[in-house]
Number of protein chains: 2
Amino acid sequence: MINRTHNNQIKSWVEVDKKSDFPIQNLPYGIFSTATQSKRVGVAIGDQVLDLEAVAKLGHFDSIINDHSVFSQDTLNNFITLGKQIHSAIRECIFDLLSENNPLIQAENVLFDYSTVTMHLPIKIGDYTDFYSSEEHATNVGVMFRGKDNALLPNWKQMPVGYHGRSSSIVVSGTDIYRPKGQKMPPDAETPIYGASSRMDIELEMGFVVGKSTALGETVKVDAAEDYIFGLLLFNDWSARDIQKWEYVPLGPFLGKNFGSTVSPWIVTLEALAPFRVESPVQKPTPLPYLQSTGKHTFDINLEVGLTPKDGNKTIISRSNYKYLYWNMCQQLAHQTVNGCNINVGDVCASGTISGPTKNSFGSLLELSWNGKTPIVLEDGQERSFLEDYDSISLKGYCDNGSLRIGFGEANGMLLPSK
Amino acid sequence: MINRTHNNQIKSWVEVDKKSDFPIQNLPYGIFSTATQSKRVGVAIGDQVLDLEAVAKLGHFDSIINDHSVFSQDTLNNFITLGKQIHSAIRECIFDLLSENNPLIQAENVLFDYSTVTMHLPIKIGDYTDFYSSEEHATNVGVMFRGKDNALLPNWKQMPVGYHGRSSSIVVSGTDIYRPKGQKMPPDAETPIYGASSRMDIELEMGFVVGKSTALGETVKVDAAEDYIFGLLLFNDWSARDIQKWEYVPLGPFLGKNFGSTVSPWIVTLEALAPFRVESPVQKPTPLPYLQSTGKHTFDINLEVGLTPKDGNKTIISRSNYKYLYWNMCQQLAHQTVNGCNINVGDVCASGTISGPTKNSFGSLLELSWNGKTPIVLEDGQERSFLEDYDSISLKGYCDNGSLRIGFGEANGMLLPSK
């Protein structure tokens, strides 16, 4: 639903660059701390962070909620639990407070320069699911490992295939990742070897954050699924392809994935994304009724992956889009709960690698280098099939319709040598 | 290490039946509440629960810890975080307080009849891993689905294969489980159907509870793994075989498992289990060095599965033993962390179905009925290939060397019709 908080004629009294991800129409939530102040809820505006604890203490949310403690927590979970009606009212209030000509908080000490704060993992994640919902990605991987004729497995177009990942190792942007060690089975070897992964990869994904809990045995209908989704974030699912390949049959990926996943510090709400709704790709065959989704339940979000080698410059190695996903977030959540599996506020469901139709839109090095056969070339001439130590990866995401840009910031991480 | 708390000559002033799982040498931890008192830490003794909050308030732990609040929590996590040295001292203190002839707390109001209290999930579980560590189980499943010659997959004897499960749906004994709905692909059908699972199964497992956290990038060596393990509990991994079969390739089990898992309310510490240490089966081929485990790192724990149909009597359908596991808990934890995956206090690593060498020791109906080909017969003559609505399942586990019995109580649950 488009409302006055989407009016792109309104500017903020905070200076916001035209290319900023964070105009007054975005207002994404995160958790930050400063040199002198502990973790609290913040909202991004331009290159500033608005301190919601401070705004609450000034009384500006008093007509919406009595208890300000949700803004003084080290995660967003309690704030998210308040529900969409409260979120919407808080959004309108912040929108008004930040609108040009509104003097109410302009003289107050409620803004911090982004470069001076520390951002933290915004949510306490109970359970994390990783879906596999990009047809292009699943097809690419299938072609590489099973050939063109058997690329997509029989269940893939019938359900959003997914698996449980590791919550403990999900970290916020800026956290370094150590190259994992483990078992690998070299080609033509008879016994596995132990060592550091030599096929380190990334996966360009987005995740949605669960905004409403259910009880065990309860299902979320596909048409009601958005009521249970708070917002979206960027998600880099670091992967060790050699470890993954040797371990994953028959129970799925485990140590090839669970050494680290990187998320953006900001969660962009569905309300902020409303102007960028689009329909998902047409689904053939038609899925079972519990998965049938009509209307615009996905978003036109431009995505890009940057790779910066040690002492080098960034090369954009992929440009993709969230809208390419075959299964949308509502279908993912309906599937996750069809068996009565309970969900909790703060759970994350990631999309799976988001690859587009062209080679430069593939969301992993595995696909970009076609399993190492065609290494990509960086701007300085270096080649990459997989990651080298000290390579930094930066995911970015933003919506842009020419007059409004709503972005996600970045999800960054550097690959360090094995510990 | 055997110490005075294992002396089976010592009796408690609390009456303890000879066949009780909970003599003074056990002292397992759980979380209970009463009609008038909120959740707190308790210890089982005979058919009574010792209220540790109350004992702490009387000052009996004052020489060990200053802060009593760990006993007034709704999970054991903070208590577990205190570490093994404290746990050992608390155990000795409780052992002394409950020893016959010790009058200190006999007149105090610190005991509750087990039948009058409510037991709760004892821990907040961050991440849950399910291993697949019984050779007999993996072989049985392999023979059924791939034939004798390819029963064990190539990686199985090289590593403790495992996958991430769902934490949110782990429930305490006594919680009913709803028969899940979902997608199934009937034999010879061309498209999947939606409906309730008709192949409902259980899995006889045990889980260990992580007792010490690690940082991302850190590994736990196999020889040090026990320092990171607080204790063990019973674990029933309810499974919907038809849903699982259709979904699990290539990313592993998901909705076929995540609708519910049942644990016992009591966690038995490694210290209590010390008299029952045994060596694991000989491993051929020898695993990689990071998985090589010497000494007695598993336990002789008798396990049984009881099935009680609606309005009927219980039939013991399986008798197995924890010691059958090919991969022990130390190897599981070393593998879980070999890539730097971080673990947190309260995480659970389940063993996978524990099947023994004979048919009556198989740990799932899938194996007991050999995929439905040879239904088991209950005491009243009813047959079962898979579970019927209102069937109740009871897992039990106990060590018994003739002079000492250390048990786990039960992990019970009834299967209700689909919601």
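Residues numbered from 1 in each chain as written. Chains lettered and ligands numbered in written order. Predicted model: local features only at pLDDT ≥ 70, side-chain atom pairs only at ≥ 80, totals over all residues. Heavy atoms only, no water.

## Description of the UniProt feature "binding site: Mg(2+)" (unreviewed entry) in chain A
Residue and element names in this part refer to chain A.
Argument step 1. Per the UniProt record, the feature "binding site: Mg(2+)" (unreviewed entry) sits at Asp237, Lys257 and Ser261. Across 25 residues, the annotated set stays spatially compact, with a maximum C-alpha separation of 7.9 Å.
Argument step 2. Mapping Asp237 onto the fold places it in the loop between β14 (229–236) and β15 (239–240).
Argument step 3. Apart from the residues within four sequence positions on either side, Asp237 is in contact with Tyr128, Asp130, Tyr163, Ile202, Glu203, Glu205, Lys257 and Ser261. (UniProt positions renumbered as here; feature names shortened; annotations may be inferred. Helix = DSSP H or I, 4+ residues; strand = E, 2+ residues; numbered from the N terminus. Contact = heavy atoms within 4.5 Å.)

## Side note on the sheet that holds strand β3 (residues 48–51) of chain A
Residues and elements named next belong to chain A.
Argument step 1. Spatially, the five strands line up as an open sheet ordered β4-β3-β2-β1-β5, and their pairing is antiparallel. Looking at the sheet topology across the chains shown, the edges are occupied by β4 (111–113) and β5 (118–120). When strand polarity is set aside, the average angle formed by the axes of neighbouring strands in this sheet is 45°. (Pairing = 2+ DSSP bridges. Axes fitted to C-alpha atoms, helices over the stretch in contact; angles between N-to-C directions.)

## Here we look at helix α7 (residues 329–337) of chain A
Residues spaced three or four apart along an α-helix face the same direction, because each turn holds 3.6 residues.
Residue and element names in this part refer to chain A.
Argument step 1. Of all nine residues making up α7, nine are buried, and the element is well covered by its neighbours.
Argument step 2. The set of residues buried in α7 consists of Met329, Cys330, Gln331, Gln332, Leu333, Ala334, His335, Gln336 and Thr337.
Argument step 3. Where α7 starts, the residue carrying a side-chain oxygen 2.9 Å from the main-chain nitrogen of Cys330 turns out to be Asn328. (Buried < 20%, exposed > 50% of the residue type's maximum accessible area, 1.4 Å probe, protein only. Polar contact = N/O pair within 3.5 Å; in protein donor to acceptor, adjacent residues only side chain to side chain.)

## Focus on the domain arrangement of chain A
All names here are of chain A.
Argument step 1. Examined at the domain level, chain A breaks down into domain 1 (4–120) and domain 2 (128–416).
Argument step 2. Of the roughly 2200 Å² buried where domain 1 meets domain 2, counting both sides, 61% is carbon and sulfur surface.
Argument step 3. When the area that domain 1 buries against domain 2 is broken down by residue, the three leading residues are Asp21, Ile80 and Lys84, summing to 25%.
Argument step 4. At the junction of domain 1 with domain 2, the criterion picks out one salt bridge.
Argument step 5. The residue Arg405 makes a salt bridge to Asp21 at a minimum N-O spacing of 3.0 Å.
Argument step 6. Seen at the junction of domain 1 and domain 2, the total is twelve residue pairs in polar contact (both at pLDDT 80 or more). (Domains from an automatic or database assignment. Buried area = accessible area lost by both parts, 1.4 Å probe. Salt bridge = Lys/Arg side-chain N within 4 Å of Asp/Glu carboxyl O.)

## Concerning the relation of the copies chain B and chain A
Argument step 1. When chain B is fitted to chain A, the best match, at an RMSD of 0.0 Å, comes from turning it 180° and sliding it 0.0 Å along the axis. The symmetry that links the two subunits is that of a two-fold axis. Of every C-alpha in chain B, the one belonging to Gly252 of chain B sits nearest the axis of rotation, 2.1 Å from it.
Argument step 2. Comparing interface residues between copies, 100% of those in chain B also lie at the interface in chain A; the contact surface is shared. (Least-squares fit on C-alpha atoms with pLDDT ≥ 70 in both.)

## Remarks on the interface of chain B and chain A
Argument step 1. At the junction of the two partners, chain B supplies 56 residues and chain A supplies 56 residues.
Argument step 2. For the pair chain B and chain A, the summed buried surface comes to about 5300 Å²; carbon and sulfur atoms form 62% of the total.
Argument step 3. On the surface where chain B and chain A come into contact, there are four salt bridges.
Argument step 4. Between Arg166 of chain B and Asp347 of chain A there is a salt bridge, and its shortest N-O distance comes to 2.8 Å.
Argument step 5. Elements represented by at least two residues in the side of chain B that touches chain A include exactly β6 (128–131), β7 (162–164), β10 (181–184), β11 (193–196), α5 (241–247) and α7 (329–337) of chain B.

## Quick notes on the environment of Gly381 of chain B
Residues and elements named next belong to chain B.
Argument step 1. Relative to the helices and strands, Gly381 is located in the loop between β23 (376–377) and β24 (383–384).
Argument step 2. According to the relative accessible area criterion, Gly381 is partly exposed, its value standing at 46%.
Argument step 3. For the pair Gly381 and Phe22, spaced 359 residues apart in sequence, the C-alpha to C-alpha distance is 34 Å.

## What to know about the side chain of Thr34 of chain B
Residues and elements named next belong to chain B.
Argument step 1. Summarising the element assignment, Thr34 is placed in the loop between β1 (29–33) and β2 (40–45).
Argument step 2. There is a polar contact of 2.8 Å between the side chain of Thr34 and the backbone nitrogen of Gln37.
Argument step 3. Residues in contact with Thr34, not counting those within four places in the same chain, are Phe112 and Val117.

## What to know about the packing of aromatic side chains
Argument step 1. Applying the stated criterion across every chain, the model contains 28 aromatic pairs over all chains.
Argument step 2. Seen in terms of ring centroids, Phe79 of chain A and Phe230 of chain A are 6.4 Å apart; in terms of plane orientation they differ by 90°. Their pairing is edge-to-face. One end of the pair, Phe79 of chain A, is in helix α2 (residues 77–81); the other, Phe230 of chain A, is in strand β14, and 151 residues separate them in sequence.
Argument step 3. A relative accessible area of 0% means that Phe79 of chain A is categorised as buried.
Argument step 4. For Phe230 of chain A, a relative accessible area of 4% translates into the label buried.
Argument step 5. The residue whose ring lies beneath Lys212 of chain A is Tyr228 of chain A, and the NZ or CZ to ring-centre distance is 4.7 Å.
Argument step 6. Seen from the ring of Tyr398 of chain B, Arg405 of chain B lies directly overhead, with NZ or CZ sitting 3.9 Å from the centre. (Phe/Tyr/Trp six-rings, centres within 6.5 Å; stacked < 30°, edge-to-face > 60°. Lys NZ or Arg CZ within 6 Å of the ring centre and 35° of its normal.)

## Some remarks on the nonpolar core
Argument step 1. Core analysis: the largest hydrophobic core is formed by 150 residues, its most contacted members being Leu232, Ile301 and Tyr322 of chain A together with Leu232, Ile301 and Tyr322 of chain B.
Argument step 2. Contacts of Ile301 of chain B, omitting those with residues within four sequence positions, involve Met206, Leu232, Leu273, Ser320, Asn321, Tyr322, Gly397, Tyr398, Cys399 and Phe408 of chain B.
Argument step 3. Within the second largest apolar cluster, 42 residues are counted, among which are Leu27, Val70, Phe79 and Cys93 of chain B. (Core = buried A, V, L, I, M, F, W, Y, C linked by side-chain atoms within 4.5 Å.)

## Concerning the sheet that holds strand β21 (residues 315–321) of chain A
All names here are of chain A.
Argument step 1. Pairing within the open sheet is mixed, and its five strands lie in the order β9-β26-β25-β20-β21. Each edge of the open sheet is held by one strand with a lone partner, namely β9 (177–178) and β21.
Argument step 2. Both strand β25 (residues 392–400) and strand β26 (residues 405–416) contribute to a ladder of eight bridges, which runs antiparallel. Residue Ser394 lies in a different strand from β26, and its bridge partner there is Asn412.

## Let's talk about helix α3 (residues 84–98) of chain A
Argument step 1. Taking 1.5 Å per residue, 15 residues should reach 21 Å; α3 of chain A reaches 21 Å between its end C-alpha atoms and fits that length.
Argument step 2. Turning to α3 of chain A, its buried residues are His87, Ser88, Ile90, Arg91, Cys93, Ile94, Phe95, Leu97 and Leu98 of chain A. (Expected span 1.5 Å × (residues − 1).)

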